[in-house]
Amino acid sequence: MSAVPIRLALVGNPNCGKTSLFNRLTGARAKVANYPGVTVERRSGMVTALENPAELVDLPGTYSLFVTSPDEQVARDVILGQLAGERRPDLLVAVVDACNLRLGLRLVLELRSLNRPMVLALNQMDEARRRGISINTAALSQAIGIPIIETVAVNSQGVTELRKVLDSYAQQPPIPNGEQVLTLSDRQESVEALYDQIESLIKQHVIQPAEFPRWQDRLDAVVMHPVLGLVVLFTTLLVIFQAVFAWATPAVDLIDGAFAALGEGVAGTLPDGILKDFIVDGLIAGVGGVLVFLPQILILFLFILILEDTGYLTRAAFLLDRPMRELGLSGRSFIPLLSSFACAVPGIMATRTIADPRERFITIMVAPLMTCSARLPVYALIIAAFIPQQTVWGIFNLQGLTLFVLYFAGVVSAALIAWFMRRRAAREEFPLLLELPSYRWPMAYHLLIGLRERAWIFLRRVGTIILALSIVLWFLATFPGAPEGATQPAIDYSFAGQLGHFMQPLFAPLGFNWQMCIALIPAMGAREVAVSALATVYAVGEESIDAALGATLAASWSLPVAYAYLAWFVYAPQCISTIAVVKRETNSAKATTFFTIYLFALAYFAAWATYQIASAIVN
Amino acid sequence: MNTAIPTAAITSGLRLDQCAKGANVRVVNLIEQPLFGAQDEHVSLRLKELGFLPGAPLKVIGFGLLGADPLAVQVNGTKFALRRAEAAKICVEPISI
Ligand SMILES: Nc1nc2c(ncn2[C@@H]2O[C@H](COP(=O)(O)OP(=O)(O)OP(=O)(O)O)[C@@H](O)[C@H]2O)c(=O)[nH]1
Ligand SMILES: [Mg+2]
């Protein structure tokens, strides 16, 4: 048994099931979805249930070792062992989608020319059998000289056998052969020769029906239809926004009620004093104020997960490619931008799938304008407080519609900014070449895992950063207490009150009061905290705690101010983690500074304009 | 790379971007596309790696809204979205089925 674990790497085309296998083999829960380019960074884990230790690295998918985008580059660097401080993998675990045999085998044969130990997992065998594809695995394995294991990564068929094979390698690590270097002339030579080889392999060992499943083509005829397709796309988006508001209401009311009861219960049992104030105003008001948005966030994610798992996203990218190109973006920027609705951080990471550096830069710059889920609580709170619950045009819920407008404002602004940033100078074109994967029925298992993950992330944020910021804010809002014979409310004398009053003149043109200014600061850490900060500041300031935060805001803000605050959040406060990931992905201090300043300036301007215009209309 | 246009392309003269929806065609060869500049050769190779090789049967399955761009093409049972720029690199001939 070797002391140093053997190092294995999963290599294969995008979307062939590498990460699904990785999750099966290591027990990890890395993100799996039905579109190419889900994994953009390497990730490693130890293979479980092996006699001998083995470290497995999951890689981004690639069609070829001659790479065109940053995510493919990551795969190449790991495969060839070109990363400083990382050992070259001892064994390559090639993954091939059995329904997409030619493309997969091509990469395998290219990898074979590296002369490195390799095994092949022939994945998605369930789907292949369903389509009537029959493969003589033993003969194919013999012909290419690589062990082949048939697998179904989604239900762990064949994974035990794969483990056994890996274990045998782990027990007796393969001896590295001489390294093979790849050059461009190899590539030119190999492309056609490899396909000739593949054709003859397939002719001998594979029986493949010529037909693509009919229902898939019929679905594509609608979904990718130039007009119908766009109708489908916009209807889907509208339904999502309606659902986030309409379906979440009962659950939101339930959580809201529970926290109100808890607050009252605690207020009734604890003796008056600092501890009671802390628990009721600091903890329950602050944390409860954010927790209430869990149902809405989960509904949003449920829809995103369904879209990701069906394979629809690349079709949307196909439809939007041309319009987006007018803005200096392309269909390839669609998925990173869509991911940014969940959170800008993975969205910005996903831009690694974009080959054109200029387009990638623009996508990174505008990604935070897509309304991330952390902003949802802020929007939801203010909408619920200021926009009446009513039905317009027969079917639309006015609150849902307002939310749609806010999201839309972000998208339109992103489009305008991308358009401004597009260089007028002629530049090289980059090809689209986007694979459109087969549709798949979304798997309940993936949805549940995905939702659990999101709920957990949200609860962890609530339990850590949001809780901590709420506590700090409560202290700042409570101490120092009012001096003897004070005329103002006590909170005006506290640190938070002083800071708020200090900031307020800067934000006066936007109509913000000092409580709103205070809430902007912790929102830089996590945007949801704007809500808990407002809850805490108003709860400490108020004498009674029974008024819900929404009602308090409705009583103390004017409508133009509420709109201006919303406008601020459409653009602003990119959280610290977004700024950090921009720094890492652009690797440029200048770009990061530009990014930060332009978004702040935009937020200030948008809030100012909104306030001035809304005030003029109201008066 | 030698990119002289072979006779087959000149005689049939049909390129993938000129095909109608539903057309079944076969790749004849790949030609140069000045839009891609210095990268053109890499684009050709990537197209070939994805299966757009002489002899490969293609099926045009759809177009985008503006300027019928991009187009969706099925090759070897895999669907790809290509822009007109890429499609114009691919010379094809109709096949009857
Ligand atoms: N039916 C079936 N589906 C599978 C199988 N393995 C993976 N999938 C599905 O294929 C899709 C892609 O799986 P991933 O594991 O994300 O693929 P990947 O190779 O990591 O993809 P990238 O990270 O984008 O390169 C998902 O929708 C999976 O559910 C399988 O054995 N059978
Ligand atoms: Mg993956």
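Residues numbered from 1 in each chain as written. Chains lettered and ligands numbered in written order. Predicted model: local features only at pLDDT ≥ 70, side-chain atom pairs only at ≥ 80, totals over all residues. Heavy atoms only, no water.

## Observations regarding the overall build of chain B
Filter applied, for reference: Here a helix means four or more residues in a row that DSSP labels H or I, a strand means two or more in a row labelled E, and each is numbered from the N terminus. Type-normalised accessible area, obtained with a 1.4 Å probe on protein chains alone, sets the label of each residue: buried when under 20%, exposed when over 50%, and partly exposed for intermediate values. Every residue pair with non-hydrogen atoms within 4.5 Å of one another is taken to be in contact.
Broken down by element type, chain B carries three helices and five strands. Ordered by position from N to C terminus, the α and β elements of chain B give α-β-α-β-β-β-α-β. When burial is assessed residue by residue, chain B has 56% of its 97 residues classed as buried. Counted over contacts in chain B with a minimum sequence separation of 6, partners at least 24 positions apart contribute 64%.

## A few points about the coordination of the magnesium ion (ligand 2)
All names here are of chain A. Going by this rule: Atoms are scored as donors when they are N, O or S and lie within 2.8 Å of the metal, with 3.2 Å used for Na, K and Ca; no water is included, so coordination may look incomplete.
For the magnesium ion (ligand 2), the full set of protein donor atoms is Thr19 (OG1) and Thr39 (OG1), and the range of their distances to it is 2.0 Å. Linking Thr19 in helix H1 (residues 18-26) with Thr39 in the loop between H1 and strand S2 (43-46), this pair joins segments that are 20 residues apart in sequence. Taken individually, Thr19 and Thr39 each receive the classification buried, so the pair is uniform in this respect.

## A closer look at the packing of helix H17 (residues 376-386) of chain A against helix H24 (residues 559-571) of chain A
A pair of packed helices is characterised by two quantities: the angle between their axes and the separation of those axes. Residue and element names in this part refer to chain A. Counted only if it meets this: For helices, the fitted axis covers only the stretch in contact; all axes are lines through C-alpha atoms, and the angles between them, taken along N-to-C directions, range from 0 to 180 degrees. Roughly parallel covers angles under 35 degrees, roughly antiparallel covers those over 145, roughly perpendicular covers 65 to 115, and oblique covers all other angles. Each crossing is labelled by how the near helix is turned from the far one, with a counterclockwise turn of less than a right angle marking it left-handed and a clockwise turn marking it right-handed. Note that Gly is not counted as nonpolar here; it falls among the polar residues with everything else outside the nonpolar set of Ala, Val, Leu, Ile, Met, Phe, Trp, Tyr, Cys and Pro and the charged set of Asp, Glu, Lys and Arg.
At a closest axis distance of 10 Å, the pairing of H17 and H24 adopts a crossing angle of 165°. The angle between H17 and H24 falls in the class roughly antiparallel. In this structure, the crossing between H17 and H24 has a hand that is left-handed. Together, Val378, Tyr379, Ile382 and Phe386 of H17 and Leu559, Ala562, Tyr565, Leu566, Phe569 and Val570 of H24 make up the contact between the two elements. For the contact of H17 with H24, a count of residues per class yields ten nonpolar, no polar and no charged.

## Notes on the sheet that holds strand S4 (residues 91-97) of chain A
Residue and element names in this part refer to chain A. To be explicit about the condition: Each pair of strands is called paired provided DSSP finds at least two bridges between the two strands.
An order of S2-S3-S1-S4-S5-S7 is seen for the six strands of this open sheet, with the pairing classed as mixed. At either end of the open sheet lies a strand with only one pairing partner, and these are S2 and strand S7 (148-150). Adjacent strand axes in the sheet meet at a mean angle of 25°, parallel and antiparallel pairs treated alike. Along the sheet, helix H5 (residues 137-144) contacts strand S5 (118-123) and S7; its crossing angle with S7, the most-contacted strand, is approximately 155°. This element, helix H6 (residues 159-171), spans strand S1 (6-12), strand S3 (54-58), S4, S5 and S7 of the sheet and lies at about 175° to S5.

## Looking at the site of ligand 1
All names here are of chain A. Definition in use: Throughout this document, a residue counts as near a molecule or strand when at least one of its heavy atoms sits within 4 Å of that molecule or strand. By the criterion applied in these results, polar contacts are pairs of N or O atoms within 3.5 Å in which, for protein atoms, one can donate a hydrogen and the other can accept it, and in which residues neighboring in sequence qualify only through two side-chain atoms. Only the protein chains shown count as covering a residue, and every accessible area follows the Shrake-Rupley method with a 1.4 Å probe.
What surrounds ligand 1 is a group of 25 residues, the closest being Lys18, Thr19, Ser20, Val38 and Thr39. Contact distances for ligand 1 include 2.7 Å between an oxygen atom and a side-chain N or O atom of Thr19. In the model, an oxygen atom of ligand 1 is placed 2.6 Å from a nitrogen or oxygen of the Ser20 side chain. Expressed as a share of its isolated accessible area of 650 Å², the protein-covered part of ligand 1 is 98%. The biggest single contributor to the shell around ligand 1 is H1, with three residues. Its residues assigned to classes, the shell around ligand 1 comprises ten nonpolar, eleven polar and four charged.

## A few points about H24 of chain A
Residues and elements named next belong to chain A. Cut-off, in case you're wondering: Every helix has an expected span of 1.5 Å times one less than the residues it contains.
In a regular helix each residue adds 1.5 Å, so 13 residues correspond to 18 Å; H24 covers 19 Å between its end C-alpha atoms and thus fits that length. By the criterion of burial, H24 is predominantly enclosed, with eleven of the 13 residues buried. Of the residues making up H24, those classed as buried are Pro560, Val561, Ala562, Ala564, Tyr565, Leu566, Ala567, Trp568, Phe569, Val570 and Tyr571.

## Focus: the confidence of the model for chain B
Where the model shows low pLDDT, its predicted coordinates should not be examined in detail. Keep this limit in mind: Summary of the metric used: pLDDT quantifies the predictor's per-residue confidence within the range 0 to 100.
Taken residue by residue, chain B gives an average pLDDT of 85. The fraction at 70 or more is 87%. Every residue in residues 1-9 of chain B scores below 50 in pLDDT, and together they form eleven contacts with partners more than four places removed in sequence or on other chains.

## Here we look at the pairing of S3 of chain A
Residues and elements named next belong to chain A. Counting buried positions along S3 yields five of five residues, so the element is predominantly enclosed. Here S3 shows two buried faces, one formed by Ala54, Leu56 and Asp58 and the other by Glu55 and Val57. Where S1 lies against S3, five bridges are found, and the strand directions are parallel. Looking at the pairing, Ala9 lines up with Val57 of S3. Examined bridge by bridge, S2 and S3 share four bridges and lie antiparallel to one another. The residue of S3 that forms the bridge with Met46 is Glu55.

## Topic: the sheet that holds strand S5 (residues 90-94) of chain B
Read across the open sheet, the six strands follow the order S11(A)-S4(B)-S3(B)-S2(B)-S1(B)-S5(B); overall the sheet is antiparallel. Strands at the two margins of the open sheet, each flanked by one partner only, are strand S11 (434-436) of chain A together with S5 of chain B. Ignoring strand direction, the axes of neighbouring strands in this sheet form an average angle of 40°. Pairing of S11 of chain A with strand S4 (residues 78-82) of chain B, which is carried by three bridges, proceeds in the antiparallel orientation. The partner of Leu436 of chain A across the bridge, within S4 of chain B, is Lys79 of chain B.

## Description of the interface of chain A and chain B
Defined as follows: Two parts placed together each lose some accessible area under a 1.4 Å probe, and adding up what both lose gives the buried area. Any carboxyl oxygen of Asp or Glu within 4 Å of a side-chain nitrogen of Lys or Arg constitutes a salt bridge here.
At the junction of the two partners, chain A supplies 42 residues and chain B supplies 39 residues. Carbon and sulfur atoms make up 58% of the area that chain A and chain B hide from each other, which totals about 3,700 Å². The largest per-residue losses of area from chain A upon contact with chain B belong to Phe318, Glu429 and Leu433 of chain A, which jointly make up 18% of the total buried on that side. At the boundary of chain A and chain B, one finds eight salt bridges. Of the charged contacts, one joins Arg322 of chain A and Asp69 of chain B as a salt bridge, the two residues approaching to 3.8 Å between their closest N and O atoms. Residue assignment for the side of chain A that touches chain B shows that the elements contributing at least two residues are helix H3 (101-112), helix H7 (184-205), helix H8 (214-223), helix H13 (312-325) and S11 of chain A. Residue classes in the side of chain A that touches chain B are distributed as 20 nonpolar, seven polar and 15 charged.

## Brief notes about the packing of H17 of chain A against helix H23 (residues 549-556) of chain A
Residue and element names in this part refer to chain A. Where H17 meets H23, the axes come as close as 8 Å, and the angle between the chain directions of the two elements is 65°. The chirality of how H17 crosses H23 is right-handed. Taking contact as the criterion, the partners of Leu381, Ala385 and Phe386 in H17 are, on H23, Leu549, Gly550, Leu553 and Ala554. Split by residue class, the contact of H17 with H23 holds six nonpolar, one polar and no charged.

## Some remarks on a nonpolar patch on the surface
Residues and elements named next belong to chain A. Formally: Patches here: salt-bridge-free residues with over 30% relative accessible area, like charges joined within 9 Å, nonpolar side chains (Val, Leu, Ile, Met, Phe, Trp, Tyr) joined within 5 Å.
Residues Ile274, Leu275, Val472, Phe475, Leu476, Phe479 and Phe495 make up a contiguous nonpolar surface patch of roughly 630 Å² in combined accessible area. For the nonpolar patch, the elements supplying multiple residues, two or more each, are helix H11 (274-291) and helix H19 (444-478). Mapped onto the elements, Phe495 comes out in helix H20 (residues 495-507).

## So, helix H25 (residues 576-586) of chain A
Residue and element names in this part refer to chain A. Note the following rule: Note that the arc is computed from the directions linking the helix axis to the C-beta atoms.
Buried within H25 we find Thr578, Ile579, Val581, Val582, Glu585 and Thr586. When H25 is viewed along its axis, its buried side chains cluster within an angular range of 165° and face the same direction. Buried residues along H25 sit in contact with helix H15 (344-350), helix H16 (357-366) and helix H26 (589-618). Backbone geometry just after H25 places Asn587 at a positive phi near 55°.

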